[in-house]
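# Examination of the molecular architecture
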Amino acid sequence: MNDNVVIAVANMLMPLTMLGVGLMIWRTRPGYRDLFGYHTTWAEKSEEAWNFAQELFGRLCTITFAIASFLTLIAGLIPVIARLDESWGTIIGGIASFVDLIPLFVIIFIVEGKLKKNFDKDGHRKGGEIDEY
């Protein structure tokens, strides 16, 4: 088997895992402080903040990593289809793996920002206009 195929399959693990995690959190809505879920200090301030964070994180992960999975697949297929040597497959695979991490940090940044915007330090909804998901 061509090493580029192995590299392409291995690179799909991260975006597909995060896609699955996003779907599970979005659809099953873990109970307040369950073992599984989006656990941060702000998300655990109250049950309402927890539910808000689970919905937003799950939805953003699902959408973002569905796109990332498709793009990672395309990047992994390039060296296989073009019959490039394994060094190119490794380089492209490394870049794809690194790029797949960026959306995760962006999603966390967005969710934490929305939590801080919508909830006070005790986890109660702030008065006035609520910025939903």
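## Remarks on helix α4 (residues 86-118)
Compared with the 48 Å implied by 1.5 Å per residue over 33 residues, the 49 Å span of α4 between its first and last C-alpha is a close match. Considered for burial, the residues of α4 that qualify are G89, G93, A96, D100, P103, L104, I107, V111, E112, K114, L115 and N118. As for α4, its buried residues are in contact with α1 (3-11), α2 (13-28) and α3 (47-81).

## Here's the deal with unusual backbone geometry
The residue R29 is not glycine, and still its phi comes out positive at about 45°. In this structure R29 comes out as partly exposed when scored by relative accessible area, which is 42%. Even without being a glycine, R83 presents a positive backbone phi close to 55°.

## A word on the packing of aromatic side chains
The geometry of an aromatic ring pair is captured by the separation of the ring centres together with the interplanar angle, meaning the angle of the planes. All chains considered together, the criterion is met by 3 aromatic pairs. Summarising the aromatic geometry, the rings of F52 and F119 are spaced 5.5 Å apart at their centres and angled 70° between planes, so their arrangement reads as edge-to-face. Of this pair, F52 sits in helix α3 while F119 is found in the segment after α4, placing the two residues 67 residues apart along the sequence. Accessibility assignment for this pair places F52 and F119 in one class, buried. We note R27 situated over the ring of W26; from NZ or CZ to the ring centre the distance is 4.2 Å. K45 extends its terminal NZ or CZ atom over the ring of W42, reaching a point 5.3 Å from the ring centre.

## Overview of the packing of α1 against α3
The contact between α1 and α3 brings their axes to 9 Å, and the two run at 175°. Taken as axis vectors, α1 and α3 run roughly antiparallel relative to one another. In this structure, α1 contributes N4, V5, A8 and N11 to the contact, and α3 contributes T72, G76, P79 and V80. When the residues that make up the contact of α1 with α3 are grouped by side-chain class, the tally is 4 nonpolar, 4 polar and no charged.

Reading guide: rules and limits
Residues numbered from 1 in each chain as written. Predicted model: local features only at pLDDT ≥ 70, side-chain atom pairs only at ≥ 80, totals over all residues. Heavy atoms only, no water. Helix = DSSP H or I, 4+ residues; strand = E, 2+ residues; numbered from the N terminus. Expected span 1.5 Å × (residues − 1). Buried < 20%, exposed > 50% of the residue type's maximum accessible area, 1.4 Å probe, protein only. Contact = heavy atoms within 4.5 Å. Phe/Tyr/Trp six-rings, centres within 6.5 Å; stacked < 30°, edge-to-face > 60°. Lys NZ or Arg CZ within 6 Å of the ring centre and 35° of its normal. Axes fitted to C-alpha atoms, helices over the stretch in contact; angles between N-to-C directions. Parallel < 35°, antiparallel > 145°, perpendicular 65-115°, else oblique. Nonpolar A, V, L, I, M, F, W, Y, C, P; charged D, E, K, R; others polar.

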